[in-house]
Amino acid sequence: MSQSIRKQLIALAEPSYRDFSAKLLPDHVNLLGVRLPHLRRLAREIAKGNWREYLRTASDEFFEEILLQGMVIGAVKTDLTESFQLISSFLPKIDNWSVCDSFCVSLKPLARHANDLWNFVTSYLSSKEEFSVRFALVMLLDYFITPSYLERVFACVDSVTHPGYYAKMAAAWCLSMCYVRFPSETLSYWKTCHLDDFTYQKSIQKSLESRRVSGEHREALHRLKAKLRQS
């Protein structure tokens, strides 16, 4: 099955898209150049068939082959226990931000099991693996920036100590999304947080970069940034 899937991926590959994508990803990533909509469509097709056999035999040689596995995991219909087992088995394969973030988006069907998903996701915040921590943080920003979870999201982000760049950037991104949706609460959090300087400053910078932040909320960020320069 894996060879058949690879032939389909090669047929869908676009050299120009591969070259464009290569500029955004680390040098070690082995790209074919297949666009995400094609991968999602193929994942849905695989999920309707013998997907367990596919996941058991799938190749990890190309970026798209790994990402496709993640999308299949998000598309299959199975129980929550098996879903979590599949995710846990997949996480060690993630070695770049693109696979991580696209994988998280593909797990939307699990959002209806919010409490169980929360407990599962947050268990990875203390992982020693950078992209497992990023996975947890991106899952928080994708599914848990809500009134009922917001304070817990702040506490989780505040607890992250992994020194990896991609983990810290995910934390900053998460907080910027908190500010977009809950500006007053996020400002209050920033005043008492325990973030390292890099994550703290990046979270404010990413909030300023958001087009969804305007008016008085943007001014509040500029004042906060000015205090940083003075300190």
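Residues numbered from 1 in each chain as written. Predicted model: local features only at pLDDT ≥ 70, side-chain atom pairs only at ≥ 80, totals over all residues. Heavy atoms only, no water.

## Topic: the overall build of the chain
Helix and strand counts for the chain come out as 14 helices and zero strands. The helix and strand sequence of the chain, counted from the amino end, reads α-α-α-α-α-α-α-α-α-α-α-α-α-α. On C-alpha atoms alone, the chain measures out to a radius of gyration of 19 Å, which is about the 17 Å that the 2.2 N^0.38 rule sets for 231 residues. With respect to the principal axes defined by its C-alpha atoms, the chain has extents near 60 × 40 × 30 Å. Burial analysis of the chain (231 residues in total) assigns 51% to the buried set. (Helix = DSSP H or I, 4+ residues; strand = E, 2+ residues; numbered from the N terminus. Rg over C-alpha atoms; globule rule 2.2 N^0.38 Å. Buried < 20%, exposed > 50% of the residue type's maximum accessible area, 1.4 Å probe, protein only.)

## Let's talk about the packing of helix α5 (residues 63-75) against helix α6 (residues 80-90)
Packing of α5 against α6 brings their axes to within 10 Å, and their N-to-C directions diverge by 165°. If you check the angle between α5 and α6, you find them roughly antiparallel. Crossing geometry of α5 relative to α6 is assigned as left-handed. The segment α5 lies against α6, with I66, Q69, G70 and I73 engaging L86, I87 and F90. Classifying every residue of the contact of α5 with α6 by side-chain character gives five nonpolar, two polar and no charged. (Axes fitted to C-alpha atoms, helices over the stretch in contact; angles between N-to-C directions. Parallel < 35°, antiparallel > 145°, perpendicular 65-115°, else oblique. Left-handed = near helix turned anticlockwise from the far one by under 90°. Contact = heavy atoms within 4.5 Å. Nonpolar A, V, L, I, M, F, W, Y, C, P; charged D, E, K, R; others polar.)

## Description of the packing of aromatic side chains
By the definition in use, this model includes 14 aromatic pairs. Pairing W118 with F144 gives two aromatic rings, centres 5.2 Å apart and planes at 75°, and the pair type is edge-to-face. In this pair, W118 sits in helix α8 (residues 114-122) while F144 sits in the loop between α9 (130-143) and α10 (150-159), placing the two residues 26 residues apart along the sequence. In this structure, W118 and F144 share a single accessibility class: buried. A connected cluster of aromatic rings, assembled from ring pairs, spans F84, F90, F103, F120, Y124 and F135. Taking NZ or CZ as reference, R152 lies 5.6 Å from the ring centre of W118, over its face. (Phe/Tyr/Trp six-rings, centres within 6.5 Å; stacked < 30°, edge-to-face > 60°. Lys NZ or Arg CZ within 6 Å of the ring centre and 35° of its normal.)

## Some points on a positive patch on the surface
Taken together, the side chains of R40, R44, K48 and K77 define a basic patch exposed on the protein surface. Within the secondary structure, R40 sits in helix α3 (residues 36-47). On the accessibility criterion, R40 (38% relative accessible area) is partly exposed. (Patch = residues over 30% accessible without salt bridge, like charges linked within 9 Å, V, L, I, M, F, W, Y side chains within 5 Å. Areas by Shrake-Rupley, 256 points an atom, 1.4 Å probe, with all protein chains shown as cover. Salt bridge = Lys/Arg side-chain N within 4 Å of Asp/Glu carboxyl O. Lys, Arg positive; Asp, Glu negative; His and termini not counted. Charge placed at Lys NZ, Arg CZ, Asp CG, Glu CD.)

## Remarks on the state of the cysteines
Following the criterion strictly, the structure yields zero disulfides and no others. A disulfide-free cysteine, C104 has its sulfur positioned 4.5 Å from the sulfur of C100, the nearest such atom. With no disulfide of its own, C174 lies 4.5 Å from the sulfur of C178, the closest cysteine sulfur. (Disulfide = S-S within 2.5 Å.)

## Details of the pattern of salt bridges
Close approach of charged atoms allows side chains with opposite charge to pair. Using the criterion set out here, one finds ten salt bridges in the structure. E45 serves as the salt-bridge partner of R41, at 2.9 Å between the closest nitrogen and oxygen. With a gap of four residues between them, R41 and E45 both fall in helix α3, about one helical turn apart. With a shortest N-O distance of 3.3 Å, K93 and D60 are connected by a salt bridge. Linking K93 in the loop between α6 and α7 (97-106) with D60 in the loop between α4 (51-57) and α5, this pair joins segments that are 33 residues apart in sequence. Judged by relative accessible area, which is 25%, K93 ranks as partly exposed. The exposure class assigned to D60 is partly exposed, which follows from its relative accessible area of 37%. Salt bridges linked by common partners bring R6, E61 and E65 together as one network.

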